[in-house]
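Spelled out, the chains give:
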Amino acid sequence: MAYGSGSNPVAYLSSRIVTPGGIVAGALLVDSGKIAAICPLAELPADVARVDCGDAAILPGLVDTHVHINEPGRTEWEGFATATRAAAAGGYTLLVDMPLNCLPETTTVAALDEKREAAKGKTLVDWAAWGGAVADNQNDLLPLAAAGVPGYKCFLIYPGCDGFTMIDLEQLEAALPHIAESGLPLLVHAELAGPIDAACARLNESGADWSVYDTYLQSRPDEAELVAIRLMIRLCRQYGVRLHIVHLATALALPELAAAKAEGLPITVETCPHYLHFAAEDIPDEATQYKCAPPIRSRANRDGLWQGLRDGIIDLIATDHSPCPPEMKRAGNGRFDLAWGGIASLSVALPVIYTDALARGLTLEHVVRWMGPAPAALAGMNDRAGMLKPGRDANFVVFSPEAEFTVEEAGLHFRHKISPYLGERLKGVVEATYIRGEAVFEKGVFAVTTPGRELTLS
């Protein structure tokens, strides 16, 4: 059954429409690319075209605020065309691109302009770009805000690419007044090098085998995250800057983050599907497709992260979609210290999280909140994305919660079909994704048009 698209009014009927007020039965009425109404069937005009989605749920288009698109400069890793195809297949209608791994890195307005030029005519879904806060670009931060970036990303540790420099304490304190003045959030890769360097030295002295996952796990201890998060809480309190902790991997940080939030500090936190789905005990040796930083930790830690979501200490789930060419992921023939660290998951993150949420007694509404309005709010776009409301762009997803599938390469859609999720049995299938009323993905088929737009705060 085709779900339809076009500029004429169309009513999408479903027994489960996920709205800000709860799940309702009825119709999502789309007119000229906008949501005209969410209403009972009895209130629909008699002559409006109808598409019956049955028991498939209608969700708001999801928002992913942690994506490495890598274009311009490293399109062979991933680019706008392939990243937004994978996003559409996964139910995402807005991606916010990280400022590293592309060339040039998005740390100046000129670099942002190059990214905008590179994206033209390639995007199936909407996108935005974070700016970068690096060692020496303090004077570029406010111009980036004026140019429309929704916030800034920084690393407290070497990020893996030389051009995007880590920022030390002195440089960070030079940047924070500018960031506070902008009113935009600072997204922080919260690991410090001290505990990692010490752990690696101990491992190397003992002759540890780097093809064993536990060696890699020991090399990036929880303490590296904890000391970085403590530092950033102190600086948040001192400078009044909006702080966002990206890809939280250690549940040990949750009590201190909860206390900081209770104090009223403007702090938000994300975690990622791989930390919520996998456990260190289950990762085979030499399986470098699981490598990411911070690392996937224990089952008990995974349970703690889920509890952090339940408790509202963790605000949102973002993918940290970080692809690379196959030879980089397999560098060193299974040595975790030599392989690229990053997990690609744009096309499967929704069913991964939905499957695990259901198993823990959570609902589709929880999943949508963590993957829709919460990341949209981080990017300052909660008035435009992440929720189904009349007057907004008709960006929505038809999702079959009861359907099951096994993850195969053909369903990944990003450039390089490397994923630790291959072979996983998941619940929930994205049937169709719409951008302003146009079906950009429908039962495995992508639109030939590219209706995605850049969203900015300027």
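Below: a short report on this structure.

About the thresholds
- Residues numbered from 1 in each chain as written.
- Predicted model: local features only at pLDDT ≥ 70, side-chain atom pairs only at ≥ 80, totals over all residues.
- Heavy atoms only, no water.
- Helix = DSSP H or I, 4+ residues; strand = E, 2+ residues; numbered from the N terminus.
- Rg over C-alpha atoms; globule rule 2.2 N^0.38 Å.
- Contact = heavy atoms within 4.5 Å.
- Areas by Shrake-Rupley, 256 points an atom, 1.4 Å probe, with all protein chains shown as cover.
- Lys, Arg positive; Asp, Glu negative; His and termini not counted.
- Charge placed at Lys NZ, Arg CZ, Asp CG, Glu CD.
- Salt bridge = Lys/Arg side-chain N within 4 Å of Asp/Glu carboxyl O.
- Core = buried A, V, L, I, M, F, W, Y, C linked by side-chain atoms within 4.5 Å.
- Buried < 20%, exposed > 50% of the residue type's maximum accessible area, 1.4 Å probe, protein only.
- Patch = residues over 30% accessible without salt bridge, like charges linked within 9 Å, V, L, I, M, F, W, Y side chains within 5 Å.
- Pairing = 2+ DSSP bridges.
- Axes fitted to C-alpha atoms, helices over the stretch in contact; angles between N-to-C directions.
- Phe/Tyr/Trp six-rings, centres within 6.5 Å; stacked < 30°, edge-to-face > 60°.
- Lys NZ or Arg CZ within 6 Å of the ring centre and 35° of its normal.

## Some thoughts on the overall build of the chain
So, step 1. Helix and strand counts for the chain come out as 14 helices and 18 strands.
So, step 2. Taking 2.2 N^0.38 as the reference for a compact globule, 458 residues should give roughly 23 Å; the C-alpha atoms of the chain span a radius of gyration of 21 Å, in line with that estimate.
So, step 3. Based on the C-alpha atoms only, the size of the chain along its principal axes is roughly 75 × 45 × 45 Å.
So, step 4. Long-range contacts, defined here as pairs at least 24 residues apart, represent 75% of the contacts in the chain between residues at least 6 apart.
So, step 5. A total accessible area of about 16,000 Å² is found for the chain, and carbon and sulfur atoms account for 51% of it.
So, step 6. Of note, the chain has its 37 positive side-chain charges centred 3 Å away from the centre of its 56 negative side-chain charges.

## Regarding the pattern of salt bridges
So, step 1. Going through the model one piece at a time under the given rule, you end up with 23 salt bridges.
So, step 2. Note that R335 and D337 form a salt bridge whose closest N and O atoms lie 2.5 Å from each other.
So, step 3. A cluster of three or more residues bridged by salt bridges with shared partners is formed by K34, D126, D393 and R436.

## Notes on the nonpolar core
So, step 1. Counting 108 residues, the largest nonpolar core has Y152, L186, L248, L257 and M371 as the members making the most contacts within it.
So, step 2. Broken down by element, the residue count for this core peaks at 8 residues, all from helix α7 (residues 222-239).
So, step 3. Beyond its immediate sequence surroundings of up to four residues, L186 is in contact with A133, Y152, C154, L172, L176, I179, M232, R242, L243 and H244.
So, step 4. Among the nonpolar cores identified, the runner-up in size contains 21 residues, and A128, V134, L378 and A379 belong to it.

## Concerning a negative patch on the surface
So, step 1. Residues D209, D214, D285 and E286 make up a contiguous surface patch of negative charge.
So, step 2. Mapped onto the elements, D209 comes out in the loop between α5 (193-205) and α6 (213-219).

## Re the sheet that holds strand β11 (residues 186-189)
So, step 1. The strand order β9-β10-β11-β12-β13-β14 describes an open sheet built from 6 strands, whose pairing is parallel. Both edges of this open sheet fall to β9 (131-132) and β14 (316-317), since each of them pairs with a single strand only.
So, step 2. In this sheet, β14 lies alongside strand β13 (residues 267-271) in parallel orientation, the contact comprising 2 bridges. Looking at β14, one finds that E270 is bridged to L316.

## Let's talk about the sheet that holds strand β7 (residues 92-97)
So, step 1. Taken together, 3 strands build an open sheet; the order of strands is β6-β7-β8 and the sheet is parallel. Every interior strand has two partners, whereas the edge strands, β6 (62-67) and β8 (126-129), have only one. Pairwise comparison of adjacent strand axes, ignoring direction, gives a mean angle of 20° for this sheet.
So, step 2. Of the strand pairs in this sheet, β6 and β7 are connected by 4 bridges, and their pairing is parallel. Of the residues in β7, the one forming a bridge with V67 is D97.
So, step 3. Each of β6, β7 and β8 touches helix α1 (residues 80-90); the most contacted strand, β7, lies at about 140° to it.
So, step 4. Seen against the sheet, helix α2 (residues 109-119) touches β7 and β8 and runs at an angle of roughly 165° to β8.

## Things to note about the environment of N382
So, step 1. Topologically, N382 is positioned in the loop between α14 (373-378) and β15 (396-406).
So, step 2. Considered as a pair, N382 and G372 are 10 residues apart in the sequence and their alpha carbons are 8.8 Å apart.
So, step 3. Setting aside anything within four residues of it in sequence, one finds N382 in contact with P373, A376, A377, M387 and R392.

## Re the packing of aromatic side chains
So, step 1. In this structure the tally under the stated criterion is 14 aromatic pairs.
So, step 2. A cation over an aromatic ring shows up here: R74 above the ring of W77, its NZ or CZ 5.0 Å from the ring centre.
So, step 3. Looking at R85, its charged tip hangs above the ring of F446, at a distance of 3.9 Å from the centre.

## What about unusual backbone geometry?
So, step 1. Put simply, E71 and P72 share a cis peptide bond, and its omega is 5°.
So, step 2. Relative to the assigned elements, P72 resides in the loop between β6 and α1.
So, step 3. Omega for the bond connecting L103 with P104 falls within 30 degrees of zero, at 0°, which places this linkage in the cis form.
So, step 4. In this fold, P104 is placed in the loop between β7 and α2.
So, step 5. Even without being glycine, E286 reaches a positive phi, approximately 70°.
So, step 6. Positive phi outside glycine occurs at K443, with the angle close to 50°.
So, step 7. Mapped onto the secondary structure, K443 falls in the loop between β17 (438-442) and β18 (445-446).
So, step 8. Residue K443 is classed as partly exposed on the basis of its relative accessible area of 43%.

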